[in-house]
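# Per-entry structural report
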Amino acid sequence: MAARIYQRPKNAMQSGKARTDEWVLEFEQSEARKADPLMGWTGSGDTQVQVQLTFPTKDAAKAYAGKYGIVARVHATPPKSLKLQAYADNFR
């Protein structure tokens with residue numbers, strides 16, 4: 001069973017930063033998706049993909065994965081860059 005650990009990014013549709021400080025353990029897909037012959041929807045029998053566990057720290061997520069024998073890859077959080085711009089810069 002493989003999983004990935006990452007820090008939740010800021011929602012692009014909102015200006016707030018709620019839940020951006022928590023870490024998520026998400027299981028990777030173990031079998032390929034296939035199209036349903038009747039409806040055409042895609043799906044698989046893998047239900048682990050639907051599970052998302054949240055943790056307050058990266059170390060807590062790694063400890064959980066280690067305790068239950070889950071092979072987890074940690075994705076580093078990209079550095080946050082702040083672009084300082086004045087309204088008047090739109091007219092230069």
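Summarised in this report is the structure supplied together with it. (Residues numbered from 1 in each chain as written. Predicted model: local features only at pLDDT ≥ 70, side-chain atom pairs only at ≥ 80, totals over all residues. Heavy atoms only, no water.)

## Let's talk about the overall build of the protein chain
What counts is decided by this rule: Put simply, DSSP H or I for four residues or longer makes a helix, DSSP E for two residues or longer makes a strand, and each gets a number counted from the N terminus. Radius of gyration means the value over C-alpha atoms here, while the globule rule gives 2.2 Å times the residue count to the 0.38 power. Buried residues are those whose accessible area, probed at 1.4 Å on protein chains only, stays under 20% of the maximum for their type, while exposed residues exceed 50% and partly exposed ones sit between those limits. Working rule for contacts: check all heavy atoms of both residues, and any pair within 4.5 Å makes them a contact. Computed by Shrake-Rupley with a 1.4 Å probe, the accessible areas treat only the displayed protein chains as cover when residues are assessed. In this count, Lys and Arg are taken as positive residues and Asp and Glu as negative ones, while His and the chain termini are left out. We put the charge of a Lys on NZ, of an Arg on CZ, of an Asp on CG and of a Glu on CD.
Check the secondary structure of the protein chain and you find 1 helix and 6 strands. The helix and strand sequence of the protein chain, counted from the amino end, reads β-β-β-β-β-α-β. In terms of overall size, the protein chain is more extended than a compact globule, its C-alpha atoms giving a radius of gyration of 19 Å where 92 residues would be expected to give roughly 12 Å. A principal-axis box enclosing the C-alpha atoms of the protein chain has dimensions of 55 × 40 × 20 Å. Here the protein chain holds 92 residues, and 16% of them are scored as buried. Counting contacts in the protein chain only where the partners sit at least 6 residues apart, residues at least 24 apart contribute 50% of the total. A total accessible area of about 7,600 Å² is found for the protein chain, and carbon and sulfur atoms account for 55% of it. For the protein chain, the distance from the average site of its 14 positive side-chain charges to the average site of its 9 negative ones is 7 Å.

## Looking at a nonpolar patch on the surface
As a reminder of what qualifies: Patch membership requires over 30% relative accessible area and the absence of a salt bridge. Like charges are linked within 9 Å, and nonpolar side chains (Val, Leu, Ile, Met, Phe, Trp, Tyr) within 5 Å. A pairing counts as a salt bridge when a side-chain nitrogen of Lys or Arg comes within 4 Å of a carboxyl oxygen of Asp or Glu.
Together, Leu38, Met39 and Trp41 line one region of the surface with nonpolar side chains, adding up to about 430 Å² of accessible area. Examined against the element boundaries, Met39 turns out to sit in the loop between strand E3 (34-35) and strand E4 (42-43).

## Comments concerning the pairing of strand E1 (residues 2-7)
Filter applied, for reference: For two strands to be treated as a pair, DSSP must find no fewer than two bridges joining them.
In this sheet, strand E6 (residues 71-74) lies alongside E1 in parallel orientation, the contact comprising 4 bridges. By the bridge assignment, Ala3 is partnered in E6 with Ala72. Pairing of E1 with strand E2 (residues 23-27), which is carried by 5 bridges, proceeds in the antiparallel orientation. Bridging from a neighbouring strand, Ala3 pairs with Phe27 of E2.

## Some details on the packing of aromatic side chains
The criterion, for reference: Working definition: a ring pair exists when centres of Phe, Tyr or Trp rings (six-membered ring for Trp) sit within 6.5 Å. Plane angles under 30 degrees give stacked, over 60 give edge-to-face, the rest tilted.
Tallying each qualifying case throughout the model produces 3 aromatic pairs. Ring geometry for Phe55 against Tyr64: centres 5.4 Å apart, planes inclined by 45°, an arrangement best described as tilted. Its relative accessible area of 13% is what places Phe55 among the buried residues. A ring pair is formed by Tyr64 and Tyr68, whose centres lie 4.8 Å apart and whose planes are at 50°; its orientation type is tilted. Look at Tyr64 and you get partly exposed, because its relative accessible area is 30%. An aromatic cluster is defined as three or more aromatic residues linked by ring pairs; in this entry it consists of Phe55, Tyr64 and Tyr68.

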